[in-house]
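Understanding the architecture of this molecule
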Amino acid sequence: MKDVELVKKAVSGNDEAFLSLLLVYKEDLFRTALAYLKNEEDALEAVQEVTFRAYEKIHTLRKPEYVKTWLIRITMNYCRDMLRKQKQFVSNEDALIQYGISEDYTYLQVEEALNTLTEQQRELVYMKYLQDIKIKDIAELTATPESTIKTRLYKALSVLRLFFEEKGGSGHV
């Protein structure tokens, strides 16, 4: 529970504690931003902006144990706003150019599969499976009952399973 004490210090205005928190979660924030924006420079800019926004609003954090979820939510919201403003929808062709054509198409297949989900489903899958956030925490963060989160995740996984089965996969989703 060392993080909880650090969060409490940051909430009470300790700048060093806030900086330490950001150092703990910077990689998670960067990966989240990169997953949305598909560009390292934009992801770095997003982390900077999220750091600023989190610093301004750290005093509003009610439950210290949800700091990671809180920071990721700020990141996701910022990235969605940026995509809306830029009307930037990255296609698989852009991903091919950015990451280069390689023999390993796994990344592109997963990216294509995730694009078949609704935005809400993508966020849930991302939070649960890529950021390893507990269903209870997701429910708390989104103010949604746990059973609803579980149902939505089940439906999202069903869509992904169907996608991979149609592509000739073995159904390991």
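Residue numbers restart at each chain and count upward from 1, following the sequence in its written direction. A pLDDT threshold of at least 70 governs which residues receive local features in this predicted model, and a stricter bar of 80 or more applies before side-chain atom pairs are shown or counted, although totals over entire chains, interfaces and linings include all residues. Water and hydrogen atoms were dropped before computing side-chain values, which therefore reflect all heavy atoms in the structure.

**Considerations on the overall build of the chain**
Only runs of H or I of at least four residues qualify as helices and only runs of E of at least two qualify as strands under DSSP, and these elements are numbered from the N terminus. The helix and strand inventory of the chain stands at 9 helices and 0 strands. Mapped in sequence order, the helices and strands of the chain form the string α-α-α-α-α-α-α-α-α. With 173 residues in all, the chain has 37% of them scored as buried. Throughout, a contact is declared for two residues whenever any of their heavy atoms are within 4.5 Å. By sequence separation, contacts in the chain at least 24 residues apart represent 61% of the contacts at least 6 residues apart. Using a 1.4 Å probe, accessible areas were evaluated by the Shrake-Rupley method; residue-level cover was limited to the displayed protein chains. Of the accessible surface of the chain, which amounts to about 10900 Å², a share of 53% is contributed by carbon and sulfur atoms. Each residue is assigned to one of three classes by its accessible area relative to the maximum for its type, calculated with a 1.4 Å probe on protein chains only: buried under 20%, partly exposed between the two thresholds, exposed over 50%.

**Here we look at the packing of helix α4 (residues 67–86) against helix α7 (residues 119–130)**
Two elements in contact, α4 and α7, have axes whose closest approach is 12 Å; the angle formed by their N-to-C orientations is 145°. α4 and α7 meet at a crossing whose hand is right-handed. Where α4 abuts α7, its residues R73, M76, R80 and R84 lie against E119, E123 and M127. Here, axes are lines fitted to C-alpha atoms. For helices the fit covers the stretch in contact, and angles between N-to-C directions go from 0 to 180 degrees. Crossings are sorted by hand: turned counterclockwise from the far helix by less than a right angle, the near helix makes the crossing left-handed, and turned clockwise it makes it right-handed.

**With respect to unusual backbone geometry**
Positive phi, close to 60°, is recorded for K38, a residue that is not glycine. Looking at where K38 falls in the secondary structure, it is placed in the loop between α2 (15–37) and α3 (40–57). On the accessibility criterion, K38 (14% relative accessible area) is buried.

**Description of the pattern of salt bridges**
One side chain can pair with another of opposite charge once the charged atoms of both are near each other. Salt-bridge detection follows one rule: a side-chain nitrogen of Lys or Arg within 4 Å of a carboxyl oxygen of Asp or Glu. For the structure on display, the rule yields 9 salt bridges. Between E49 and R53 there is a salt bridge; the shortest N-O distance is 3.0 Å. You can see E49 and its partner R53 sitting in helix α3, 4 residues apart, about one turn around the helix. Measuring nitrogen to oxygen at the nearest pair gives 3.2 Å for the salt bridge that ties D81 to R84. Residue D81 and its partner R84 are located together in helix α4, separated by 3 residues, close to a single helical turn.

Read these as geometric descriptors, not functional statements.
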